[in-house]
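Spelled out from the first residue to the last, the chains are:
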Amino acid sequence: MRVRSCNIRSRAVQQRRMCLTWLPHRKLTNFEMLRWRWAYSAPILLFLNTKKQGPPETDDSVMIPNAVRDPDEMNPVALLTPTYGRDLELCTLLCESVDRHVSSFSKHYLLVPDSDLPLFSRFESERRTVLPASQFLPGWLRPLPSIFQRKRRQYWWSLRAKPASGWHVQQILKIAAAIALPHRRYCILDSDVVFFRDFDLSRFEYPNSIPLLSMPGMVTPDQVNHSRWVDTSHQLLGLPRPSLPASDFIGHIIFWDQETTRAMAAKIAAIAKRDWIEALCRTREFSEYMLYGYFVQSDAQFARRHSPGSRTGCVSYWDSPKLGKTELNRLLGGADQDDVAFSAASFSGTPVQIIRSAIEETRALLAPRAAAKQPAGLEALC
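What you see is a predicted model, and the numbers here were worked out from it, not measured in a lab.

Visitor: Now, about the overall build of the chain: what can you tell me, with residues and values included?
Guide: A count of helical and extended segments in the chain gives 13 helices and 20 strands. A buried classification covers 54% of the 382 residues belonging to the chain. Look at the contacts in the chain between residues 6 or more apart in sequence, and 78% of them connect residues 24 or more apart. Approximately 17,600 Å² of the chain is accessible, and the part contributed by carbon and sulfur atoms is 52%.

Quick look at the structure:
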């Protein structure tokens, strides 16, 4: 392990003596070893892609450094968006709306397949960083060559599990980035989210409570996919199999706590007796939001950091049929006064230009929320 000196100064004597330690990605899943290290990290992140010299099992390890952080200071929320080339237009609209309406966040991270880095490099700014997926994935999980892509969808392969789709890898990336990046709180935004009202994240800074979307009884036996995700979440977490109907935790504008995410990943690894990423690759059908929600629900310590609620402030369209301008205007026209964003699932194929046009036309018709007023749906969560 290499040690590099750190010139970062801190008020605490102990922190002044700490140095920037470069850790192999494989070690990032050893949460007991890292718990004390990450307690002092700061919102500063450097990356180094190198191949370690050493035993075969450490080859292709990703080096991610630790940084000094004052454990008592307020820590702004970071935004996480996993995306890829096919969603470039949607992501463009998201970034524009974030820059226009979202405030009091530390950084917006775009997590993209390495091959798509050139497409997203233009989004780099003081407030936004584009990071390659390989920065957070183990060396044994590799992208298939482009000739194996289907409809521009990326797949990852390994000798430990069946090939994983880009959708599965995006879920893994959310967890891995929330563990590795130097922030205590995260707001996760998929590419298909677009803000139409101002949204101040200051009230979700650590150590304040954060919202946990929780919709009891919403998963019923006729919802095949959701029912499977409920089952696999309980299996991965070592929880008794629940009866249906069960709670749903899937939505938009989702908040995660870093320590909770690390504890969840450690629990998955302990139950599966293998690395948590490998466990998820072997499981196949899972939902990252279901995993997080059920983990929080089952652990009183981490539940105290969250405030359950049934709203996220996002008008969501989950169906497959493509939306026309009329239907989209109708959805936006029905937005609650506390809704701040809209999302039409990318698989619906709703043209981005129609979404952009409808958002602009509807913006003037939606009563602006007073800057000092908290949205009722989120206020109840905090």
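Visitor: Hey, could you go over the side chain of threonine 92 for me, with residue numbers and the actual values?
Guide: You can see threonine 92 is positioned in helix H3 (residues 88-101). A relative accessible area of 12% places threonine 92 in the buried class. Within the structure, threonine 92 has its side chain in polar contact with the backbone oxygen of leucine 88 (distance 2.8 Å). Excluding its chain neighbours within four sequence positions, the residues that come into contact with threonine 92 are Arg122, Phe123 and Arg356.

Visitor: Give a description of the pattern of salt bridges that names residues and reports values.
Guide: Scanning the model with the defined rule gives 18 salt bridges in all. Of the charged contacts in the structure, one is a salt bridge between glutamate 96 and arginine 356, with a shortest N-O distance of 2.6 Å. Pair noted here: glutamate 96 is in helix H3 and arginine 356 is in helix H12 (residues 352-363), with a separation of 260 residues, a long-range link. Each of the salt bridges in this network shares a partner with another, and the network as a whole consists of Arg184, Arg185, Asp257, Glu259 and Arg305.

Visitor: Give me the pairing of strand S6 (residues 105-112): which residues, what numbers.
Guide: Burial analysis of S6 places seven of its eight residues in the buried class, the great majority of the element. As paired strands, strand S4 (residues 77-82) and S6 are joined by five bridges and run parallel to one another. Across the sheet, residue threonine 81 finds its bridge partner in S6, namely leucine 110. Pairing analysis gives five bridges linking S6 to strand S7 (residues 128-132), with the strands arranged parallel. Considered in S7, the bridge of valine 112 is made with proline 132.

Visitor: Explain the side chain of glutamine 258 to me, and be specific about the residues and the numbers.
Guide: Turning to its location among the elements, glutamine 258 is positioned in helix H7 (residues 258-272). Relative accessible area serves as the criterion here: at 2%, glutamine 258 is assigned to the buried category. There is a polar contact of 3.5 Å between the side chain of glutamine 258 and the side chain of tyrosine 186.

Visitor: Break down the packing of helix H11 (residues 325-333) against H12 for me, with residues and values.
Guide: Working note: a packed helix pair is described by the angle between its axes plus the distance between those axes. Direction vectors running N to C along H11 and H12 enclose 45 degrees, while the axes themselves pass 10 Å from each other. With respect to their mutual orientation, H11 and H12 come out oblique. The chirality of how H11 crosses H12 is right-handed. Between H11, through Lys325, Leu328, Asn329, Leu332 and Gly333, and H12, the contact on the second element is made entirely by Ile354, Ile355, Ser357, Ala358, Ile359, Glu361 and Thr362. For the contact of H11 with H12, the class distribution of residues is six nonpolar, four polar and two charged.

Visitor: So what about H12? Which residues, and what values?
Guide: End to end, H12 covers 16 Å across 12 residues, agreeing with the expected 16 Å (1.5 Å per residue, within 8%). By the burial criterion, the buried members of H12 are Val352, Ile355, Ala358, Ile359, Thr362 and Arg363. Here the buried residues of H12 occupy an arc of 130 degrees about the axis, which is enough to place them on one side. Looking at the buried residues of H12, the elements they touch are H3, strand S12 (193-195), H11 and strand S20 (341-344).

Visitor: Outline the sheet that holds strand S19 (residues 314-317), listing residues and values.
Guide: The three strands are arranged S12-S20-S19 in an open sheet whose pairing can be described as mixed. Two strands in the sheet have a free side with no partner beyond their single neighbour: S12 and S19. Averaged over neighbouring strand pairs, the angle between their axes works out to 20 degrees when direction is ignored. Across four bridges, S19 lies against S20 in parallel orientation. Its bridge partner lying in S20, serine 316 is registered against serine 343.

Visitor: How would you summarise the packing of aromatic side chains if you had to cite specific residues and measurements?
Guide: Counted by the stated rule, this structure contains nine aromatic pairs. Where phenylalanine 204 meets phenylalanine 255, the ring centres are 4.4 Å apart and the plane angle is 50 degrees; that geometry is what we call tilted. Of this pair, phenylalanine 204 sits in the loop between strand S13 (199-200) and strand S14 (210-213) while phenylalanine 255 sits in strand S17 (residues 254-257), placing them 51 residues apart in sequence. Each member of the pair, phenylalanine 204 as well as phenylalanine 255, carries the same accessibility label: buried. An angle of 80 degrees between the planes, with centres 6.0 Å apart, marks the rings of tryptophan 256 and tyrosine 289 as edge-to-face. Of the two residues, tryptophan 256 sits in strand S17 while tyrosine 289 sits in helix H9 (residues 288-298), which places them 33 residues apart along the sequence. No difference in accessibility class separates tryptophan 256 from tyrosine 289, as the two residues are buried. A connected cluster of aromatic rings, assembled from ring pairs, spans Phe195, Phe199, Phe204 and Phe255. Sitting over the ring of tyrosine 206, arginine 184 keeps its end group 4.4 Å from the ring centre.

Visitor: Break down the nonpolar core for me, with residues and values.
Guide: Ranked by size, the top nonpolar core spans 75 residues in total, and within it Phe195, Ile253 and Trp276 carry the most contacts. Filtering out sequence-adjacent residues up to four positions away, isoleucine 253 remains in contact with Cys187, Ile188, Leu189, Phe195, Phe199, Thr312, Gly313, Cys314, Val340 and Ala341. Core analysis: the second largest hydrophobic core is formed by 16 residues, Leu323, Ala335, Val352 and Ile359 among them.

Conventions and cut-offs
Residues numbered from 1 in each chain as written. Predicted model: local features only at pLDDT ≥ 70, side-chain atom pairs only at ≥ 80, totals over all residues. Heavy atoms only, no water. Helix = DSSP H or I, 4+ residues; strand = E, 2+ residues; numbered from the N terminus. Buried < 20%, exposed > 50% of the residue type's maximum accessible area, 1.4 Å probe, protein only. Contact = heavy atoms within 4.5 Å. Areas by Shrake-Rupley, 256 points an atom, 1.4 Å probe, with all protein chains shown as cover. Polar contact = N/O pair within 3.5 Å; in protein donor to acceptor, adjacent residues only side chain to side chain. Salt bridge = Lys/Arg side-chain N within 4 Å of Asp/Glu carboxyl O. Pairing = 2+ DSSP bridges. Axes fitted to C-alpha atoms, helices over the stretch in contact; angles between N-to-C directions. Parallel < 35°, antiparallel > 145°, perpendicular 65-115°, else oblique. Left-handed = near helix turned anticlockwise from the far one by under 90°. Nonpolar A, V, L, I, M, F, W, Y, C, P; charged D, E, K, R; others polar. Expected span 1.5 Å × (residues − 1). Arc of directions from axis to C-beta. Phe/Tyr/Trp six-rings, centres within 6.5 Å; stacked < 30°, edge-to-face > 60°. Lys NZ or Arg CZ within 6 Å of the ring centre and 35° of its normal. Core = buried A, V, L, I, M, F, W, Y, C linked by side-chain atoms within 4.5 Å.

By themselves, these observations are geometric and do not establish any function.
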